[in-house]
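Overview (structure and organization)
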Amino acid sequence: TLDVAWAVRWMRDTATMIVSARDELTELDRQIGDGDHGENLNRGFQAVVAKLDGLEAEPAQIGDVLKLVATTLMSSVGGASGPLYGTAFLRAAKVTGLAELDSSAVVALLEGALEGITARGKAAPGEKTMVDAWQPAVDAAVAAADSGADPVGVLEAALAAAEAGALATVPLLATKGRASYLGERSIGHQDPGATSTVVILRAAVAAAT
Ligand code: ADP
Ligand code: MG
Ligand code: MG
């Protein structure tokens with residue numbers, strides 16, 4: 001069940017998986033950015049874990065967890081990805097008030113995240129950013145929910161689409177963010193933010209199964 005305990009596990013699992021992915025994310029960001037994406041996110045999610053550990057009581061609502069993540073990432077990650085993921089989790093927190101997410105609430109959470117990222121970063125699909133993982137994830141989640149998938153099935157569909165989307169950033173020309181400074185030389189590398197999006201969604205599935 002996708003309840004508040006799941007949301008807490010999701011964030012703790014993300015922190016653990018970011019530790020494992022840190023070097024890969026940093027290497028990808030070294031190729032088309034400034035080589036700090038792994039460290040930025042590791043700092044952010046370790047701060048999230050510290051905040052969760054320091055709570056006197058378990059969060060009451062899923063939205064409380066997501067808002068804690070949002071404010072923590074905004075104040076600790078820095079770079080482009082801090083405000084982008086911060087706004088993503090803030091908008092995802094619109095599912096607050098539900099004790100448990102059904103399939104349409106999972107869609108709403110993911111749509112909220114994508115809305116936050118596009119509101120903040122103004123990137124469209126195809127610009128070689130994290131949007132190229134989130135947009136197909138949302139599209140796949142909508143399709144899965146429409147065809148009757150259960151909430152975990154919706155998350156799994158989103159993860160599979162994000163993985164494909166991240167791989168599909170390789171041939172793209174970056175036109176947003178630091179990678180756009182490279183122009184044509186950004187072609188041939190996988191976008192770090194699309195790759196970290198996959199890690200976050202993988203943790204969402206892992207925490208649920
Ligand atoms: P910085 O580029 O400031 O060092 P990070 O390395 O933490 O920040 O994050 C880089 C990632 O941020 C990119 O790989 C890309 O996915 C994402 N990104 C950058 N600009 C945008 C944007 N305008 N919209 C969406 N995502 C973006
Ligand atoms: Mg960077
Ligand atoms: Mg940076």
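None of these values were measured; they are calculated from a predicted model. (Residues numbered from 1 in each chain as written. Chains lettered and ligands numbered in written order. Predicted model: local features only at pLDDT ≥ 70, side-chain atom pairs only at ≥ 80, totals over all residues. Heavy atoms only, no water.)

1. Concerning the environment of Ala149
Topologically, Ala149 is positioned in the loop between α6 (131–146) and α7 (151–167). Measuring from C-alpha to C-alpha, the distance between Ala149 and Ser104 comes to 9.9 Å, with 45 residues separating the pair along the chain. When residues no more than four places from it in sequence are discounted, the contact partners of Ala149 are Ser103, Ala144 and Val154. (Helix = DSSP H or I, 4+ residues; strand = E, 2+ residues; numbered from the N terminus. Contact = heavy atoms within 4.5 Å.)

2. Observations regarding the packing of helix α1 (residues 4–32) against helix α3 (residues 62–76)
Interaxial distance between α1 and α3 falls to 8 Å at its minimum, and their mutual angle equals 25°. Here α1 lies roughly parallel to α3, going by the angle between them. Note that α1 runs across α3; the crossing there is right-handed. Residues Val4, Ala7, Val8, Trp10 and Met11 of α1 lie in contact with α3, whose contacting residues are Ile62, Val65, Leu66 and Val69. Its residues assigned to classes, the contact of α1 with α3 shows nine nonpolar, no polar and no charged. (Axes fitted to C-alpha atoms, helices over the stretch in contact; angles between N-to-C directions. Parallel < 35°, antiparallel > 145°, perpendicular 65-115°, else oblique. Left-handed = near helix turned anticlockwise from the far one by under 90°. Nonpolar A, V, L, I, M, F, W, Y, C, P; charged D, E, K, R; others polar.)

3. Quick notes on the packing of aromatic side chains
Per the stated rule, a full pass over the model turns up two aromatic pairs. Ring geometry for Trp6 versus Trp10: centroids 5.1 Å apart, planes at 25°, classification stacked. Of the two residues, Trp6 and Trp10 are both situated in helix α1; the distance of four residues between them amounts to about one turn of the helix. Residue Trp6 shares its accessibility class with Trp10, and that shared class is buried. (Phe/Tyr/Trp six-rings, centres within 6.5 Å; stacked < 30°, edge-to-face > 60°. Buried < 20%, exposed > 50% of the residue type's maximum accessible area, 1.4 Å probe, protein only.)

4. Let's talk about the confidence of the model for the chain
Mean pLDDT over the chain works out to 97, with 100% of the residues at or above the 70 mark. For this predicted complex, the interface confidence reaches an ipTM of 0.99, while the overall pTM sits at 0.98. (pLDDT = per-residue confidence, 0-100.)

5. Notes on the site of ligand 1
Neighbouring ligand 1 are 20 residues; Asp34, Ala80, Ser81, Gly121 and Asp191 lie closest to it. Interatomic distance of 2.9 Å between a side-chain N/O atom of His37 and an oxygen atom of ligand 1. Note that an oxygen atom of ligand 1 is positioned 3.0 Å from one of the backbone N or O atoms of Met130. In isolation ligand 1 offers 570 Å² of accessible surface; the protein chains occlude 92% of this area. When contributions to the shell around ligand 1 are tallied by element, the ones reaching two or more residues are α2 (37–54), α4 (81–92) and α8 (192–208). If one sorts the elements of the shell around ligand 1 by residue count, α8 sits on top with three residues. Broken down by class, the residue content of the shell around ligand 1 amounts to six nonpolar, eight polar and six charged. (Near = heavy atom within 4 Å. Polar contact = N/O pair within 3.5 Å; in protein donor to acceptor, adjacent residues only side chain to side chain. Areas by Shrake-Rupley, 256 points an atom, 1.4 Å probe, with all protein chains shown as cover.)

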